[in-house]
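# Report on the structure
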Amino acid sequence: MALIRRAADGDEDAFRALVRRVHPRLRRWALAKTGDPDQADEAVQRTLIRMHRGLAGFTGESALTSWLYRILSNAVIDMHRSESARPTVREEAAEVMPERSEGPDPIQSIHAGRMARAVRDFFDLLPPRQREVLELVDHQGMKAVDVAEMLEIEPGSVRASLFKARRTLRGEILERYPELTEGYGP
Amino acid sequence: MTCVEALDRMLEADPGELEAGLAGIIDAGGATELAAHIRSCERCAAVARTLRSELEALDAGLAELARDGGPTDHGSASGGHAPRAEAGGTDPDAADAAANAALAAARAGSEPDVVPLHPPRGARPKGRGSWTRRAWIPLAAAAALAGILVVGQEQPLPPSDATAQTEAIDPRVSVVPPADRGAAIMETENPNITIVWLYETEGS
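Residues numbered from 1 in each chain as written. Chains lettered and ligands numbered in written order. Predicted model: local features only at pLDDT ≥ 70, side-chain atom pairs only at ≥ 80, totals over all residues. Heavy atoms only, no water.

## Thoughts on the overall build of chain B
If you tally the helices and strands in chain B, you get six helices and four strands. Looking at chain B as a whole, 32% of its 204 residues qualify as buried. Counting only contacts in chain B whose residues sit at least 6 apart along the sequence, the fraction spanning at least 24 positions is 38%. Accessible surface computed for chain B: about 12,100 Å², of which carbon and sulfur atoms make up 55%. (Helix = DSSP H or I, 4+ residues; strand = E, 2+ residues; numbered from the N terminus. Buried < 20%, exposed > 50% of the residue type's maximum accessible area, 1.4 Å probe, protein only. Contact = heavy atoms within 4.5 Å. Areas by Shrake-Rupley, 256 points an atom, 1.4 Å probe, with all protein chains shown as cover.)

Here it is in structure tokens:
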């Protein structure tokens, strides 16, 4: 909280230190929400600008992460509104991405093939809400009830999305290893 | 628990539950049935190990993708697991660049297309609730009126120009419905507007 107060008081070094702490998490959230690295960058940038302006009013009543997530969510919504002419979610770009000619596919640039395949499945198979929930619960380690509060949805909806996401991804994984499930029966 | 049941449970299980089974963490009170099965069944343990490995690859891949937003040449990507994002596995230069850009934008006073933040639950503007209530009052009244008029009917049908025969007689309206339909007439405060509702009768 001291760092936040200093940043709110105009200490730019404190702000940079704060951004270093939250930037990786913000970017993963943004990736999960948008499904597109470029849009994730833009969403993070908008979020940081609003964070800078809003720090003075941040009282600490809610967790900083929850506060930032709401800012990020609104930033993504604004982007979708203002850029409705271009694809805004990964689903719409999924078929195009492997053949994009304007530069290397960010996912392909991940060196390990297994990681790249897992990430591609994550974006291609899961709708945004399921990606978001899986990222927050399984990767960030948040509780479903806290995620529900952050996303302003019911905990039951969080769990439903989470289970669907897990089942989709894991089912896809097991299809790649048929020898593992041979003999399990119908 | 059978292996088929265990396989189905593994598709939705918390990663910690898979881990508990693989690590043999079976304490007196916390052991789940699935974890116990994984511990005792090598075939299911192999499935759990594969799932764990692939899900770790996903986590590492997302961390790599998030690291600096583009192609990277970090050593951690070529082997082993990249650190979790919250563990600081980021490119500090990228974070600093983002911070500097935000500071520059803040100094310049520019901000793209901002809408107000969602207020937290319980702190929504009072006007919204009031507006909502105001909007629902006439709707609720109309629904109640319709319910009274069509009591005993499961699903009132909307008016159909093809079947309704209406004859306007100022200032009232008379309706001759088809044989299998009933009709309800609702006059409004506006003398130019009268609502005619045709509905199925019980025998239709």
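## A short note on the environment of R9 of chain B
Residues and elements named next belong to chain B. Summarising the element assignment, R9 is placed in helix α1 (residues 3-10). Expressed as a C-alpha distance, the spacing of R9 and E33, which sit 24 residues apart in the sequence, is 9.9 Å. If we skip the residues at most four places from it in the chain, R9 touches M1, E17, E33 and L34.

## What about the pattern of salt bridges?
Where charged atoms from two side chains of opposite charge come close, those side chains can pair. By the definition in use, this model includes 22 salt bridges over all chains. Between R6 of chain A and D11 of chain A there is a salt bridge, with its nearest N and O atoms 3.4 Å apart. We classify R6 of chain A as partly exposed; its relative accessible area is 43%. Judged by relative accessible area, which is 27%, D11 of chain A ranks as partly exposed. Sharing partners across several salt bridges, the network here consists of R114, R117, D121 and R176 of chain A together with E54 of chain B. (Salt bridge = Lys/Arg side-chain N within 4 Å of Asp/Glu carboxyl O.)

## A few points about the packing of α1 of chain B against helix α3 (residues 33-40) of chain B
Between two packed helices, both the angle of their axes relative to each other and the distance between the axes serve to describe the pair. Residue and element names in this part refer to chain B. Their axes nearest at 10 Å, the elements α1 and α3 cross at an angle of 120°. As far as their axial angle goes, α3 and α1 are oblique. Relative to α3, the crossing made by α1 is left-handed. Across from C3, A6, R9 and M10 in α1, the residues of α3 making contact are E33, L34, H37 and I38. Counted by class, the contact of α1 with α3 contains five nonpolar, one polar and two charged residues. (Axes fitted to C-alpha atoms, helices over the stretch in contact; angles between N-to-C directions. Parallel < 35°, antiparallel > 145°, perpendicular 65-115°, else oblique. Left-handed = near helix turned anticlockwise from the far one by under 90°. Nonpolar A, V, L, I, M, F, W, Y, C, P; charged D, E, K, R; others polar.)

## Considering the pairing of strand β4 (residues 194-200) of chain B
Side chains on a regular strand alternate between the two faces of the sheet. Residue and element names in this part refer to chain B. Across seven bridges, strand β3 (residues 181-187) lies against β4 in antiparallel orientation. In the strand pairing of β4, A184 is matched with W197. Where β3 hands over to β4, the hairpin turn is made up of six residues, counted between the paired strands. (Pairing = 2+ DSSP bridges.)

## Considerations on the environment of A102 of chain B
Structurally, A102 of chain B can be placed in helix α5 (residues 92-108). Leave out the neighbours within four places in its chain, and A102 of chain B touches F15, Q45, L48 and I49 of chain A.

## Let's talk about unusual backbone geometry
Here E152 of chain A, not a glycine, exhibits a phi torsion of approximately 60°, which is positive. Along the chain, E152 of chain A falls in the loop between α8 (144-151) and α9 (155-176).

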